[in-house]
Amino acid sequence: MRSRHGTVGRMDYERISENDLSFMQSSFARGDYSENEEEWVSRLRGEIKNWIFDMNTATPRFYGGSSFFTDNPVYCSQILQAAAACGTSDFASLFSDLLALEKRKDMLIQILQTCATLAWDDEGDMLTQIEEVLHKANPRDTVLLKAVCDATYEICRYMGKPTLLSKGKNLLSFMLFPQFDSTTRDYARKTIQNILDFSTT
């Protein structure tokens, strides 16, 4: 199964328990994971690949008669939180694939928030896909567009690369056009100024 970043097929991983996800997230946040990091990252990547595969297939995989990832948004949120807490570049391309494929607005906002938390986007994959989300969004959807602004800002701030800064400012400038709500235009303008403030100091 093709994704934007290559072939993604369903991985035969067991579901990760709620307790394990909570423990992973708190351990990553504390930096206390030592020899478990490789295993945990592998398990999280496997589940995100399963999620992508389900969305990327004409006939999704089914668990108990319905799509597991569609029917379990809380589980999806926990996967995102644990992966973002890891703080490595391993997830950037996977998060960008989720942005490309996820149709649920609430989950799309959570993925944008996860991109903001991770912020590690060395190849610009997440920022590129955030721009795609922006161009597909309803210009009156202030909640989604605020999440776009926040994710763009955090990536630009964390990475600090001139090419990403330029791309981020151009992305945000698109929201200054009159089809966007005044609340969104004001927030985008403020976000651009915040990027200018840290990039010129």
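Just above sits the structure.
Bear in mind the structure is a predicted one, so any value in this text is a computation, not a measurement. (Residues numbered from 1 in each chain as written. Predicted model: local features only at pLDDT ≥ 70, side-chain atom pairs only at ≥ 80, totals over all residues. Heavy atoms only, no water.)

## Some words on the packing of aromatic side chains
Geometrically, a pair of aromatic rings is defined through the distance of the ring centres and the angle of the planes. Cut-off, in case you're wondering: Pairing of aromatic rings covers Phe, Tyr and Trp, the last counted by its six-membered ring, and requires centre-to-centre distances within 6.5 Å; plane angles under 30 degrees mean stacked, over 60 mean edge-to-face, and any other angle means tilted. Burial status follows relative accessibility: with a 1.4 Å probe on protein chains alone, a residue under 20% of its type maximum counts as buried, one over 50% as exposed, and anything between as partly exposed. Any Lys NZ or Arg CZ that is within 6 Å of a ring centre and within 35 degrees of that ring's normal is treated as a charge sitting over the ring.
The full count for this structure, using the stated rule, is 11 aromatic pairs. Ring geometry for Phe-68 versus Tyr-75: centroids 5.1 Å apart, planes at 80 degrees, classification edge-to-face. For the pair formed by Phe-68 and Tyr-75, the shared burial category is buried. Relative to Tyr-75, the ring of Phe-69 lies with its centre 6.5 Å away and its plane at 45 degrees, an arrangement referred to as tilted. Among the residues examined, Phe-69 registers a relative accessible area of 2% and is labelled buried. Overall, Tyr-75 belongs to the buried group, its relative accessible area being 9%. Pairwise contacts between aromatic rings join Trp-51, Phe-68, Phe-69 and Tyr-75 into one cluster. Note that Arg-15 overlies the ring of Phe-68, its terminal NZ or CZ placed 4.4 Å from the centroid.

## Here we look at the pattern of salt bridges
Applicable threshold: Salt bridges are counted wherever a side-chain nitrogen of Lys or Arg sits within 4 Å of a carboxyl oxygen of Asp or Glu. Numbering of helices and strands runs from the N terminus, with a helix taken as a DSSP run of H or I at least four residues long and a strand as a DSSP run of E at least two residues long.
Going through the model one piece at a time under the given rule, you end up with nine salt bridges. Between Lys-161 and Asp-122 there is a salt bridge, with the nearest N and O atoms lying 2.9 Å from each other. Of the two residues, Lys-161 sits in the loop between helix H8 (142-159) and helix H9 (162-173) while Asp-122 sits in the loop between helix H6 (105-118) and helix H7 (125-136), which places them 39 residues apart along the sequence. You can call Lys-161 partly exposed: its relative accessible area is 29%.

## Looking at the environment of Phe-174
Quick reminder of the rule: What makes two residues a contact is simply this: any of their non-hydrogen atoms within 4.5 Å.
Note that Phe-174 resides in the loop between H9 and helix H10 (182-199). Judged by its relative accessible area of 25%, Phe-174 falls in the partly exposed class. Considering only alpha carbons, one finds Phe-174 and Glu-131, 43 residues apart in sequence, at a separation of 9.6 Å. If sequence neighbours within four positions are ignored, Phe-174 has contacts with Leu-134, His-135, Gln-179 and Phe-180.

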